[in-house]
Amino acid sequence: MKALIQRVRQASVSVADVKVSAIEQGLLILLGVATSDTLADAHKLANKVAHYRIFADADDKMNVSLIDARGQALVVSQFTLAADTDSGRRPSFSTAAAPAQAEPLYEAFVAELTKLGIFCQTGQFGADMQVSLVNDGPVTFLLQVPAAKT
């Protein structure tokens, strides 16, 4: 499971030109679910995202987590993050989970963030979405569970 996290000043999602969700300061989280991902992975990744220290402290060092910053989260499903891009010039989506598997894991990820006290908004699972953001920094990280092997 992969989460591309972007520190934002604000972010929103629209579907068919209608804004369906928006947040202020916090994280835009693009979430990709692979066929091998489990409920345990969703919980572990949500906890990692919530506690990942990428917000500035009083000394302007990245030392504060989303929880400690009292930031918000906008979680958007993005199956393309689970693509196999290792060969050729076209991504293969054979490693991406089908919607029936991915949606419950996406919802579990959001539920875990909410359980940790984070105000969460979501995109619309499976929809063609337009995502707008003001990236703060820019600060962007790719987190994954289990960790990538190098």
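Residues numbered from 1 in each chain as written. Predicted model: local features only at pLDDT ≥ 70, side-chain atom pairs only at ≥ 80, totals over all residues. Heavy atoms only, no water.

With respect to the packing of aromatic side chains
1) Next: Per the counting criterion, the structure on display carries three aromatic pairs.
2) Next: With a centroid separation of 5.0 Å and 55° between ring planes, the pair formed by phenylalanine 79 and phenylalanine 93 is classed as tilted. In this pair, phenylalanine 79 is assigned in the loop between β6 (72-77) and α3 (99-115) and phenylalanine 93 in the loop between β6 and α3, connecting sequence segments 14 residues apart.
3) Next: Of the residues examined, phenylalanine 93 reaches a relative accessible area of 33% and is grouped as partly exposed.
4) Next: Plain terms: the ring middles of tyrosine 106 and phenylalanine 125 are 5.5 Å apart, the flat faces sit at 50° to each other, and that makes the pair tilted. (Phe/Tyr/Trp six-rings, centres within 6.5 Å; stacked < 30°, edge-to-face > 60°. Helix = DSSP H or I, 4+ residues; strand = E, 2+ residues; numbered from the N terminus. Buried < 20%, exposed > 50% of the residue type's maximum accessible area, 1.4 Å probe, protein only.)

A word on the side chain of serine 65
1) Next: Checked against the element boundaries, serine 65 lands in the loop between β5 (62-64) and α2 (66-69).
2) Next: What makes serine 65 buried here is its relative accessible area of 3%.

As for α3
1) Next: The end-to-end C-alpha distance of α3 is 24 Å, a good match for the 24 Å that 17 residues give at a rise of 1.5 Å each.
2) Next: Of the residues making up α3, those classed as buried are Ala102, Leu105, Tyr106, Ala108, Phe109, Val110, Glu112 and Leu113.
3) Next: On its buried side, α3 packs onto β3 (26-32), α1 (39-51), β6 and β7 (119-122).
4) Next: Of the residues one or two after α3, glycine 117 is the one with positive phi, at around 95°. (Expected span 1.5 Å × (residues − 1). Contact = heavy atoms within 4.5 Å.)

Section: the pattern of salt bridges
1) Next: Tallied over the full model, the rule gives three salt bridges.
2) Next: Across the pair lysine 115 and glutamate 112 runs a salt bridge, and its minimum N-O distance is 3.9 Å. Of the two residues, lysine 115 and glutamate 112 are both situated in helix α3; the distance of three residues between them amounts to about one turn of the helix.
3) Next: Through salt bridges with shared partners, a single network forms among Arg7, Arg9 and Asp136. (Salt bridge = Lys/Arg side-chain N within 4 Å of Asp/Glu carboxyl O.)

Some thoughts on the packing of α1 against α3
1) Next: Viewed as axis vectors pointing N to C, α1 and α3 meet at an angle of 40°, and their least axial separation amounts to 8 Å. Between α1 and α3, the crossing angle belongs to the class labelled oblique. Between α1 and α3 lies a crossing whose hand is right-handed. Only Leu105, Ala108, Phe109, Glu112 and Leu113 of α3 make contact with α1, whose side of the interface consists of Leu39, Ala42, His43, Leu45, Ala46, Asn47, Val49 and Ala50.
2) Next: When its residues are assigned to classes, the contact of α1 with α3 shows ten nonpolar, two polar and one charged. (Axes fitted to C-alpha atoms, helices over the stretch in contact; angles between N-to-C directions. Parallel < 35°, antiparallel > 145°, perpendicular 65-115°, else oblique. Left-handed = near helix turned anticlockwise from the far one by under 90°. Nonpolar A, V, L, I, M, F, W, Y, C, P; charged D, E, K, R; others polar.)

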